[in-house]
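What follows is each chain in one-letter form.
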Amino acid sequence: RRPNFAALPAGAALLTGASSFGGWWYGARGWDAPKSGAVGAMVADAVGILSETLAGCFSRVSNVGAAAYLAVTYFASYLTLVRVRMAIAARRDPSAVAAQLLIVSTYLLVASTAYTLKDVADRNSLDPLEVATFV
C-alpha cells in the first residue's frame, strides 16, 4: 500500500493560517506576545470582530451590489457547511477528510472575500481612497 499524502496540504494550510494570524496579531494590532493580558485582548478582539461580522451578515443592505455580494456570502457559507458535513461523514478516511477540508478552505476564502466586498458596497463607494476597509 502506497502512502497517501493528502493531509500534507491541509497541514501546510493550517501552519500558514496560524502564522498569518500571528502576523496580524503582532503587526496590525500592535501587540507583543510577552505583554501581560495579550491573549485575553486577542480573544476579546476576535470575539468583537466575529460579532460585528455576524451583525453585518444580517443587517439591511443599502444597494443591489451589496445584496449580490451578501447572496454570494450566504451561498459560499452554505457550501462550506455541506462540505464540513461531508468531512464528518468521511471521518474514517483521513485522505477524504483532508480533501474535504481543502475544499472548505476555498469556500471560506470565497465567503470572506464576498463579505468584504459587501461591506465596501454598503458604503456606496468602490473608490479605495474613500473607503477604509482593511483587506
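Cut-off values and rules
Residues numbered from 1 in each chain as written. Predicted model: local features only at pLDDT ≥ 70, side-chain atom pairs only at ≥ 80, totals over all residues. Heavy atoms only, no water. Helix = DSSP H or I, 4+ residues; strand = E, 2+ residues; numbered from the N terminus. Buried < 20%, exposed > 50% of the residue type's maximum accessible area, 1.4 Å probe, protein only. Contact = heavy atoms within 4.5 Å. Patch = residues over 30% accessible without salt bridge, like charges linked within 9 Å, V, L, I, M, F, W, Y side chains within 5 Å. Areas by Shrake-Rupley, 256 points an atom, 1.4 Å probe, with all protein chains shown as cover. Salt bridge = Lys/Arg side-chain N within 4 Å of Asp/Glu carboxyl O. pLDDT = per-residue confidence, 0-100. Expected span 1.5 Å × (residues − 1). Polar contact = N/O pair within 3.5 Å; in protein donor to acceptor, adjacent residues only side chain to side chain.

### So, the overall build of the chain
Part 1 of the reasoning: Secondary structure summary: the chain contains 4 helices and 0 strands in total.
Part 2 of the reasoning: Secondary structure elements of the chain, listed N to C terminal, follow the sequence α-α-α-α.
Part 3 of the reasoning: The proportion of buried residues among the 135 residues of the chain is 20%.
Part 4 of the reasoning: Of the contacts formed within the chain by residues at least 6 apart in sequence, a portion of 53% connects residues at least 24 apart.

### Some points on a nonpolar patch on the surface
Part 1 of the reasoning: Taken together, L50, L54, F58 and Y74 make up a surface patch of nonpolar side chains, about 460 Å² in accessible area.
Part 2 of the reasoning: Secondary-structure assignment places F58 in the loop between α2 (38-57) and α3 (64-89).

### As for the confidence of the model for the chain
Part 1 of the reasoning: Of the residues in the chain, 75% reach a pLDDT of 70 or more, and the chain-wide mean stands at 79.
Part 2 of the reasoning: Of all secondary-structure elements in the chain, the lowest mean pLDDT belongs to helix α1 (residues 7-28), at 72, while α3 reaches the highest, 92.

### With respect to helix α4 (residues 94-122)
Part 1 of the reasoning: End to end, α4 covers 41 Å across 29 residues, agreeing with the expected 42 Å (1.5 Å per residue, within 8%).
Part 2 of the reasoning: All of the buried residues along α4 are V97, A98, Q100, V104, A111, A114, Y115, K118, V120, A121 and D122.
Part 3 of the reasoning: Looking one or two residues beyond α4, the residue adopting positive phi is N124, at roughly 60°.

### What to know about the pattern of salt bridges
Part 1 of the reasoning: Taken as a whole, this structure holds 1 salt bridge when the rule is applied.
Part 2 of the reasoning: For K118, the salt bridge identified is with D122, shortest N-O distance 2.7 Å. Linking K118 with D122, this pair stays in helix α4, spanning 4 residues, or about one helical turn.

### Focus on α3
Part 1 of the reasoning: The terminal C-alpha atoms of α3 lie 38 Å apart, and with 26 residues this matches the ideal 38 Å at 1.5 Å per residue to within 8%.
Part 2 of the reasoning: Those residues of α3 that fall on the buried side of the exposure criterion are A66, L70, T73, A76, T80 and A87.
Part 3 of the reasoning: Measuring from the side-chain oxygen of the N-cap residue of α3 to the backbone nitrogen of G65 gives 3.3 Å; that N-cap residue is N63.

### Topic: the environment of Y107
Part 1 of the reasoning: With respect to the helices and strands, the residue Y107 is situated in helix α4.
Part 2 of the reasoning: Judged by relative accessible area, which is 21%, Y107 ranks as partly exposed.
Part 3 of the reasoning: When the C-alpha atoms of Y107 and Y78 are compared, they prove to be 9.1 Å apart, with 29 residues separating the residues in sequence.
Part 4 of the reasoning: Residues within four places of Y107 in sequence aside, it is in contact with A76, L79, T80 and R83.

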